[in-house]
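Structure at a glance
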Amino acid sequence: MTYSTITSSTDTLLQVNNVSVYYGSVLALRDVFLDIPKQQVTAFIGPSGCGKSTLLRCFNRMNDLIPGARVEGKISYRGKDLYDSDVDAVEVRRRVGMVFQKPNPFPKSIYDNVAFGARIGNSKENLDELVERSLRSAALWDEVKDKLKASGLSLSGGQQQRLCIARAIAMQPEVILMDEPCSALDPISTLRIEDLMHKLKQQYTIVIVTHNMQQASRVSDMTAFFNAEAAEGGNRFGYLVEYDKTGAIFNSPQQQATQDYVSGRFG
Amino acid sequence: MTTPLNDALPAVEPIDLTRSKTSSKTIMSVSLTVITGFFTLLVLAPLVAVVFDVAREGLPRLGLESFTELPPPPGLTDGGFGHAIVGSLITLGIATAFSTPFGILAAIYLSEFGRGSRVAYWVRFSANVLTGVPAILAGLFAYSLVVATMGNFSAFAGGVALAVLMLPIVMRTAEEGLMLIPHEVRLAALGIGATRFQTITQIVLPAALPAIATAVTLALARAAGEAAPLLFTALNNNFWSTDAFAPIATLPVLIYFFAIIPFRAQQELAWAAALVLLGIVLIVSIVARLIARQKKY
Amino acid sequence: MIVGGSTIVINVNGWNGKQPVYECKTMSAGTEGATQSNRGSLEKRLSKQSLLDQGFFWLTLVMAIGIAAVLAFVIYEIGRSALPAIQTFGLGFLFSTTWDPVQNVYGALPQIYGTLVTSAIALFLAVPIGVGVAVFLTEDFVPGYIRTPISFAIELIVAIPSVVLGLWGIFVFIPFIRPFYQVLNSTLGWIPLFAGVPRGYSLLTLGIILAIMIVPIIISITRGTLLSLPPELRQGAMAMGATRWETIIRVLIPAGLSGIIGSVMLAFGRAMGETMVAAMLVGNSNRISISLMNPGATITSLIASQFGEAGRTQVAALLYSGLVLMVLTLLVNIFAEMIIKKFQNVE
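Since this is a predicted model, take the numbers as computed values, not measurements.

Details of the overall build of chain A
Within chain A, the regular secondary structure consists of ten helices and ten strands. Along the three orthogonal principal directions, the C-alpha set of chain A runs to about 55 × 40 × 40 Å. A buried classification covers 57% of the 267 residues belonging to chain A. The long-range fraction of contacts in chain A, counting pairs at least 24 apart against all pairs at least 6 apart in sequence, stands at 68%. Carbon and sulfur atoms form 45% of the exposed surface of chain A, whose accessible area is close to 10700 Å². Side chains of chain A carry 30 positive and 30 negative charges; the gap between the two charge centres is 4 Å.

Put into structure tokens, the structure is as follows:
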């Protein structure tokens, strides 16, 4: 099995170098090599249990919150190993924002949700401006500008998810991770968020995990296909099958498994 | 397998992701963790101290005569508090006889018939408020209802006061136990032609029995330690008595009276009685909680 | 299910074994075979069985309503017995400082004051400690095999009989705390709260012991509230680069605030109604003292120490003070119930 580097190394923001992830003694993801380019959208696709979310959560060290989780290999962000002993996970998360599958606004006002990152970061910035700018970037401003004091939970599901995106943008991160951000949303809200991603990639590097292949082909520049395999003992672990430009993955995949998956023959 | 990346030079500027050990955030996190950890020790300290001190003061005075003899008259030594143990058992027995069937039947209504109904809502609400009624007010209630009416203090009045305290505990804990029995079990019984009564008495109640036993035990442990509701219902008695309609001595009330009188022999007896009471209550509480953890379903 | 199902079959068969024949009033026994007739009718049976069903339902309903009735009856009985005192002293009872069994003139202001002040001291100490410990035991600051026994031990504090805690207070805690009171008095004596001659039997001593008794309530309800918060909240805050403590203070505690407030109210009600430690430790002095280092009285200590030897009017006055306590604790408890319910509805 070979892994090709498609991107020129000058653009690489995140480097995944021979990474395996374990939960306790159970292998979840094996031997991944991957370069994630700057200011592009990279999509991770594959069947359930293939480790795509697991890998995503390594980029902002959210796996730290799971007891027993262990990462082997090296994940570099701007050349710095994210799992070095001197790296502070909190600092990583300020630069690598995340949007979750289920919208999770805090039970606070819309304004306070967006201002949260600046407040804990002791930012000296004008909060009103920051909130407006972030909500505009998340294409939510016009809908909420008259009710910024209303609870974030009073919004519809799609609006809540855009609020979470605004909240992430307000931290002024470099990378935004999205873990199946549209799977809990209706088709119209989904389209809006996909539009948003196209705009956001001019400023941010986006990595998105999705079950939806159409979505991957619509929004992403690069696509990584992961698959799952049963290990001895019955546990399943994931591995990277193929990583290429999105067009190549969907039109001329090198691997039979990728061909089968993108043509809908399994998964 | 070759590594295609060959540790290529990073294209973008390297970055500092470390946090200084002296940053304000680090200091705040560490100090808050230390403070709450210290609080945890602080909360545990009284428990350890009380158990240790009661054992230290009570053990030397504890002997067989503690359970078989009456306390000495003021000025003399020796003696025991056997009459108070008997008295506690009698008042608790009366309280259990009132509160257990009452509480369990009410719990059956809440879990089997009244789920989601307004009646159930208000009954539950009343039970929660009743749990918060101070123990001494249960005593005033029993005084007003029984003592004032019958004209004398009695074990019976004390039992009524304790029953008021036990009732909401029995009901809520029994209800929780009944709720844990899966709905499918009831459907299965009804589905093969059992009536509601048969389903409840032969399937649901036996399955919930450990939980119900826990409910009664926890309520008993709570009531056994209460002195306030007995002060002016069961009152006290310096002699042996098994008459339900006469004043009777109980362990908590005996501890109270002997703690506040200035005779060394009585104070020693108070410590020994406290050791017996604390031992019973703690052991019962621990056992009841351990039983409650063994879930049948 | 399989196990449950087989159990049921055995049980119901056993029951049928005891009463092998169904009520047959509506069955056409005789025209068909005996086994046939046993399963013949689908009509409602006005039989012993359905009567039993109905009767059982009504019995449990009456008992359930009985719980609410007991609460109402407790309030009514105390009110009825306090009526003579209410008629004699009116609302002035709440504002008078006289308690004179010789002249039969009564007012309970010092006791109401003492009840509120000692409970306030207890909350002042127990709320920060209780919430802090709840956080400490919810988050994984220490491994689970240490957390579980600690939580268990804290639950046991509730089980200590208050009369035992009072005994311990008199003979162990007061001698232990006196030197600290001396220091507090000599350094902070210029503050009225700590002025005067420090005394072992005092409002402050009772407040501290009450704090020991209510802190487990605050811990257990706050902990339950924090555990019930959706994990997405924590993840969201952590992903925003919040440290663990920033997540706790800025997101989790605000989100669980109503549950925490509910626990504080319940603890407040418990502190106000606590009797034996109050009677044994507060000093039973009928005065209003600004200094917490002086003795005082609470409603409960008043009732406990005087009821035994009280005359007719005095008993009514004591019941009146009991009614005041009842109203205070009812308000606090109902408020707490409503707050906690509201929180559960939001969930």
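This is not the end of the story, as more comes after the structure.
Here we look at the sheet that holds strand β5 (residues 80–81) of chain A
All names here are of chain A. Read across the open sheet, the ten strands follow the order β5-β4-β1-β2-β10-β9-β3-β8-β7-β6; overall the sheet is mixed. One side of each edge strand has no neighbouring strand; the edge strands of this open sheet are β5 and β6 (96–99). In the packing of helix α6 (residues 157–170) onto the sheet, contacts are made with β6 and β7 (175–179), and the angle to β6 comes to roughly 175°.

Comments concerning unusual backbone geometry
All names here are of chain A. Its identity as a non-glycine residue notwithstanding, E180 has a phi of 45°, on the positive side. Locating E180 in the fold gives a position in the loop between β7 and α7 (187–200). Taking relative accessible area as the criterion, E180 reaches 9% and is therefore assigned buried.

Focus: the environment of G169(C)
Within the element layout of this structure, G169(C) appears in helix α6 (residues 162–188). Separated by 112 residues in sequence, G169(C) and F57(C) place their C-alpha atoms 49 Å apart.

A short note on the pairing of β7(A)
Residues and elements named next belong to chain A. Within β7, five of the five residues are buried, which leaves it mostly tucked inside the rest of the structure. Side chains V175, L177 and D179 of β7 all project onto a buried face; the interleaved residues I176 and M178 project onto the opposite face, where all are buried too. Strand direction decides the pairing type here: β6 and β7, joined by four bridges, are parallel. Looking across to β7, one finds that V99 is bridged to M178. Direction of pairing for β7 relative to strand β8 (residues 205–209): parallel, over a ladder of five bridges. Note on β8: the bridge partner recorded for V175 is T205. Taken together, β7, α7 and β8 constitute a β-α-β crossover, and its handedness is right-handed.

A look at the pattern of salt bridges
With the rule as written, the count across this model stands at 30 salt bridges over all chains. When the shortest N-O distance is used, the salt bridge between R56(B) and E57(B) registers 3.4 Å. With relative accessibility at 43%, the residue R56(B) sits in the partly exposed group. Among the salt bridges present, the one from R289(B) reaches E155(C), with a minimum N-O distance of 2.7 Å. Taken as a pair, R289(B) in helix α10 (residues 264–293) and E155(C) in helix α5 (residues 144–157) lie in two separate chains rather than in one. Residue classification places E155(C) among the partly exposed residues on the basis of a relative accessible area of 34%.

Some details on α7(A)
All names here are of chain A. Taking 1.5 Å as the rise per residue, α7 with 14 residues should run 20 Å; its terminal C-alpha atoms sit 20 Å apart, in good agreement. Burial in α7 covers these residues: S189, T190, I193, E194, L196, M197 and L200. Mapping the buried residues of α7 onto a view down its axis gives an arc of 160°, with all of them on the same face. In α7, the exposed positions angled more than 90 degrees off the buried face are occupied by P187, I188 and K199. Its side-chain oxygen 3.1 Å from the backbone nitrogen of I188, D186 forms the N-cap of α7.

Here's the deal with the confidence of the model for chain C
Residue and element names in this part refer to chain C. Mean pLDDT for chain C: 84, with 85% of residues reaching 70 or above. In the predicted structure, residues 1–37 sits below a pLDDT of 50 and forms 27 contacts with residues beyond four places in sequence or in another chain. At the level of chain-chain contacts, confidence expressed as ipTM amounts to 0.89, with global pTM at 0.84.

Focus: the interface of chain B and chain C
Opposite the 82 residues of chain B that make contact, chain C presents 82 residues. Run the count over chain B and chain C and you get one salt bridge. The tally of links between chain B and chain C comes to eleven residue pairs in polar contact (both at pLDDT 80 or more). The dominant element in the side of chain B that touches chain C, judged by the number of residues it contributes, is helix α1 (residues 24–58) of chain B, at 18 residues. Residue composition of the side of chain B that touches chain C, by class: 60 nonpolar, 15 polar and seven charged.

Quick word on the packing of aromatic side chains
Evaluated as defined, the whole model comprises 33 aromatic pairs over all chains. Ring geometry for F113(B) and F57(C): centres 5.0 Å apart, planes at 85°, overall edge-to-face. Highlighted residues: F113(B) in helix α3 (residues 82–113) and F57(C) in helix α3 (residues 48–89), drawn from two different chains. When the centroid spacing of 6.3 Å and the interplanar angle of 35° are considered together, the rings of F89(C) and F93(C) count as tilted. Judged by its relative accessible area of 16%, F89(C) falls in the buried class. The ring of Y83(A) carries the charged tip of R61(A) above its face, separated from the ring centre by 5.0 Å. One residue, K149(A), lies across the ring of Y111(A), its end atom 4.5 Å from the ring centre.

Quick look at the confidence of the model for chain A
Residues and elements named next belong to chain A. Averaged over chain A, the pLDDT score is 88; the fraction of residues at 70 or greater is 95%. When mean pLDDT is compared element by element in chain A, β8 scores highest at 95, while helix α2 (residues 89–95) scores lowest at 87. Segment residues 1–5 is flagged for pLDDT under 50; beyond a separation of four residues in sequence, or across chains, it makes ten contacts in the model.

Considerations on the interface of chain A and chain C
If you look at the interface, chain A gives 24 residues, while chain C gives 16 residues. In total, about 1700 Å² of surface goes out of reach between chain A and chain C, with carbon and sulfur atoms giving 69% of it. When the area that chain A buries against chain C is broken down by residue, the three leading residues are F106(A), F116(A) and I120(A), summing to 26%. Remark: the boundary between chain A and chain C carries two salt bridges. The interface formed by chain A and chain C contains four residue pairs in polar contact (both at pLDDT 80 or more). Mapped by element, the contributors of at least two residues to the side of chain A that touches chain C are α2, β6, α3 (110–120) and α6 of chain A. Broken down by element, the side of chain A that touches chain C gets its largest block of residues, four residues, from α3(A). Taken together, the residues that form the side of chain A that touches chain C break down as 13 nonpolar, four polar and seven charged.

Let's talk about the side chain of S162(C)
Mapped onto the fold, S162(C) is located in helix α6. The residues touching S162(C), leaving out its near neighbours within four places in the chain, are G225(B), M213(C), E274(C), M276(C) and V277(C).

Brief notes about the nonpolar core
Grouped together as the largest cluster of nonpolar side chains are 206 residues, with contacts concentrated most on F81(B), I67(C) and V163(C). When near neighbours in sequence (up to four residues on either side) are disregarded, I67(C) contacts F102(B), A106(B), V123(B), A127(B), L130(B), L167(B) and M171(B). Residues V99(A), V114(A), A118(A) and V131(A) belong to the second largest nonpolar core, which totals 47 residues.

Looking at a nonpolar patch on the surface
Among the surface-exposed residues, I283(B), V287(B) and I291(B) lie close enough to one another that they form a single nonpolar patch of about 250 Å² accessible area. Topologically, I291(B) is positioned in helix α10.

Concerning the packing of α3(B) against helix α6 (residues 155–179) of chain B
Residue and element names in this part refer to chain B. Between α3 and α6, the shortest axis-to-axis distance is 6 Å and the interhelical angle comes to 30°. In the packing of α3 onto α6, the handedness of the crossing is right-handed. Each residue belonging to the contact of α3 with α6 can be placed in one class, and the counts come to 23 nonpolar, seven polar and two charged.

Analysis parameters
- Residues numbered from 1 in each chain as written.
- Chains lettered and ligands numbered in written order.
- Predicted model: local features only at pLDDT ≥ 70, side-chain atom pairs only at ≥ 80, totals over all residues.
- Heavy atoms only, no water.
- Helix = DSSP H or I, 4+ residues; strand = E, 2+ residues; numbered from the N terminus.
- Buried < 20%, exposed > 50% of the residue type's maximum accessible area, 1.4 Å probe, protein only.
- Contact = heavy atoms within 4.5 Å.
- Areas by Shrake-Rupley, 256 points an atom, 1.4 Å probe, with all protein chains shown as cover.
- Lys, Arg positive; Asp, Glu negative; His and termini not counted.
- Charge placed at Lys NZ, Arg CZ, Asp CG, Glu CD.
- Pairing = 2+ DSSP bridges.
- Axes fitted to C-alpha atoms, helices over the stretch in contact; angles between N-to-C directions.
- Right-handed = clockwise from strand over helix to strand, strands pointing away.
- Salt bridge = Lys/Arg side-chain N within 4 Å of Asp/Glu carboxyl O.
- Expected span 1.5 Å × (residues − 1).
- Arc of directions from axis to C-beta.
- Polar contact = N/O pair within 3.5 Å; in protein donor to acceptor, adjacent residues only side chain to side chain.
- pLDDT = per-residue confidence, 0-100.
- Nonpolar A, V, L, I, M, F, W, Y, C, P; charged D, E, K, R; others polar.
- Phe/Tyr/Trp six-rings, centres within 6.5 Å; stacked < 30°, edge-to-face > 60°.
- Lys NZ or Arg CZ within 6 Å of the ring centre and 35° of its normal.
- Buried area = accessible area lost by both parts, 1.4 Å probe.
- Core = buried A, V, L, I, M, F, W, Y, C linked by side-chain atoms within 4.5 Å.
- Patch = residues over 30% accessible without salt bridge, like charges linked within 9 Å, V, L, I, M, F, W, Y side chains within 5 Å.
- Left-handed = near helix turned anticlockwise from the far one by under 90°.

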